[in-house]
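Structural overview
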Amino acid sequence: MAVHDDCKLKFLELKAKRNHRFIVFKIDEKIQQVIVEKVGGPDESYDDFSASMPADECRYAVYDFDFTTDENCQKSKIFFIAWSPDTSRVRSKMLYASSKDRFKRELDGIQVELQATDPSEMSLDIVKGRAI
């Protein structure tokens, strides 16, 4: 599975320049390549991100989560989310599952990984719990 250069460039912008809040990636099955589907601006919320995930198709996503620790320190963690809803096609789920590790290796700097099959598995509370 190839990874489009744009995927790596957008991820570097998110990580280094903090230009983006999130990036949603999809696999273009015709060309067998991971491509950028949507980029969220720095002012977009977690709800905007959640709404970007299709209800019945698999996706990969990266989310830059800002939070404050108990010691009142501002921190951020980069989450990798493998979105694989139960209602998506079996072939699609298999394709995303088998390509995930290879794709994740291309994105250097991911700190937390989440696997989600429905919106409750990637709720803001779960993200907060995994970040701290």
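Residues numbered from 1 in each chain as written. Predicted model: local features only at pLDDT ≥ 70, side-chain atom pairs only at ≥ 80, totals over all residues. Heavy atoms only, no water.

Glancing now at unusual backbone geometry. For Gln-32, which is not glycine, the phi torsion reads 50° and is therefore positive. One can find Gln-32 in the loop between strand 2 (22-28) and strand 3 (33-40). In this model, Asn-72 sits at a positive phi of 70°, which is unusual for a non-glycine residue. Tracing the sequence through the fold places Asn-72 in the loop between strand 4 (59-68) and strand 5 (74-83). (Helix = DSSP H or I, 4+ residues; strand = E, 2+ residues; numbered from the N terminus.)

Here the focus is the side chain of Ser-88. For Ser-88, the position within the fold is in the loop between strand 5 and helix 3 (90-106). Engagement of the side chain of Ser-88 in a polar contact is seen with the backbone oxygen of Pro-85, the distance being 2.7 Å. When residues no more than four places from it in sequence are discounted, the contact partners of Ser-88 are Asp-56, Glu-57, Cys-58 and Lys-93. (Polar contact = N/O pair within 3.5 Å; in protein donor to acceptor, adjacent residues only side chain to side chain. Contact = heavy atoms within 4.5 Å.)

Between side chains of opposite charge, pairing is possible as soon as their charged atoms come close. Counted under the stated rule, the structure contains eleven salt bridges. Between Asp-66 and Arg-18 there is a salt bridge, and its shortest N-O distance comes to 2.6 Å. Taken together, the residues Asp-66 in strand 4 and Arg-18 in the loop between helix 1 (5-17) and strand 2 connect sequence positions 48 residues apart. What makes Asp-66 partly exposed here is its relative accessible area of 33%. Across the pair Arg-91 and Glu-29 runs a salt bridge, and its minimum N-O distance is 2.5 Å. Residue Arg-91 is located in helix 3, and its partner Glu-29 is located in the loop between strand 2 and strand 3; the two are separated by 62 residues in the primary sequence. (Salt bridge = Lys/Arg side-chain N within 4 Å of Asp/Glu carboxyl O. Buried < 20%, exposed > 50% of the residue type's maximum accessible area, 1.4 Å probe, protein only.)

It is worth spelling out the packing of aromatic side chains at this point. The geometry of two aromatic rings is summed up by the distance between their centres and the angle between their planes. This model, assessed by the stated rule, comprises twelve aromatic pairs. Between the aromatic rings of Tyr-60 and Phe-80, the centroid separation amounts to 5.7 Å while the plane-to-plane angle is 35°, which identifies the pairing as tilted. One end of the pair, Tyr-60, is in strand 4; the other, Phe-80, is in strand 5, with 20 residues separating them in the sequence. Chaining the aromatic ring pairs together yields one cluster made of Phe-22, Tyr-46, Phe-49, Tyr-63, Phe-65, Phe-67 and Phe-79. (Phe/Tyr/Trp six-rings, centres within 6.5 Å; stacked < 30°, edge-to-face > 60°.)

Let us now look at the pairing of strand 5. Two strands pair when backbone bridges link them, and strand 4 and strand 5 are joined in this way by ten bridges, in the antiparallel orientation. Residue pairing in the sheet places Ala-61 in a bridge with Ile-81 of strand 5. Direction of pairing for strand 5 relative to strand 6 (residues 112-116): parallel, over a ladder of five bridges. Bridging across to strand 6, Phe-80 finds its partner in Glu-113. A crossover links strand 5 with its parallel partner strand 6, the connecting element being helix 3, and its sense is right-handed. (Pairing = 2+ DSSP bridges. Right-handed = clockwise from strand over helix to strand, strands pointing away.)

Function cannot be inferred from these measures alone, as they are strictly geometric.
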